[in-house]
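Observations on the three-dimensional arrangement
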Amino acid sequence: MTAGPTGMIEAMSIDVIYTAESTASGGGRDGHVKSSDNRIDMETRPPKEAGGSGEGTNPEQLFSAGYAACFLGALQLVARLDKIALDSASGVTAQVGFGKDSDGGYGITAHLIGYLPGLGQSQAEELMNKAHQVCPYSKATRGNIDVTLAAKV
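To keep things clear, this report deals only with the structure shown in the data block. (Residues numbered from 1 in each chain as written. Predicted model: local features only at pLDDT ≥ 70, side-chain atom pairs only at ≥ 80, totals over all residues. Heavy atoms only, no water.)

Comments concerning the packing of helix H1 (residues 59–81) against helix H2 (residues 121–134)
Where H1 contacts H2, the axes come no closer than 8 Å and their chain directions differ by 115°. Here H2 runs roughly perpendicular to H1, going by the angle between their axes. You can see that H1 and H2 cross each other, and the crossing is right-handed. Listed contacts from H2 to Tyr67, Phe71, Ala74, Leu75, Val78 and Ala79 of H1 are Leu127, Met128, Lys130, Ala131, His132 and Val134. Of the residues assigned to the contact of H1 with H2, the class counts are 10 nonpolar, one polar and one charged. (Axes fitted to C-alpha atoms, helices over the stretch in contact; angles between N-to-C directions. Helix = DSSP H or I, 4+ residues; strand = E, 2+ residues; numbered from the N terminus. Parallel < 35°, antiparallel > 145°, perpendicular 65-115°, else oblique. Left-handed = near helix turned anticlockwise from the far one by under 90°. Contact = heavy atoms within 4.5 Å. Nonpolar A, V, L, I, M, F, W, Y, C, P; charged D, E, K, R; others polar.)

Re the sheet that holds strand S3 (residues 22–27)
On the basis of which strands lie adjacent, the open sheet formed by three strands has the order S3-S4-S5 and antiparallel pairing. The sheet is open, and its two edges are formed by S3 and strand S5 (41–44), each paired on a single side. The average angle at which neighbouring strand axes cross in this sheet is 20°, direction not considered. (Pairing = 2+ DSSP bridges.)

Side note on the sheet that holds strand S6 (residues 91–100)
Taken together, the three strands give an open sheet; going across it, the order is S6-S7-S8, and neighbouring strands pair in mixed fashion. Each end of this open sheet is capped by a strand with a single partner; those strands are S6 and strand S8 (146–152). Between one strand and the next, the sheet's axes are offset by a mean angle of 15°, whatever the strand orientation. Pairing analysis gives seven bridges linking strand S7 (residues 106–115) to S8, with the strands arranged parallel. Its bridge partner being in S8, Ile113 is matched across the sheet by Ala150. Along the sheet face, H1 touches S6, S7 and S8 and points at about 145° away from the line of S6. Here H2 sits on the sheet and contacts S7 and S8; the angle it forms with S8, its principal contact strand, is near 150°.

Keep in mind these values describe shape, not function.
If you want it as structure tokens, here you go:
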């Protein structure tokens, strides 16, 4: 998003090819979430660490799953553009932290770990940095949450 000539926030121009839709009901973090195509249909509960039962998923788990999948796709793209073959065992783990922020509210952090067997450490780190520039989740979170990267070879 950018500020337009009037100072109002305007969305970037995106040629949308797919829209995911989900609805949360009940108590939000202590409720239910369901996608419009019924592929996601589950109870949400705060984790035990946040005073909940931990029986069900939570928004941070869902976000970490989406971020990991999206970032792996970005890694595969930048590797292909750089003519680097990734091992089929390559993967990404997204660790999403939730807690109180310095303003007295709540926030999240993300730590992305790329598993890139067969590559040198510097090459793996370079691919992680390039993927971070093109991944839509990284673009969406840039400047909004702390995101750290690590590469394991």
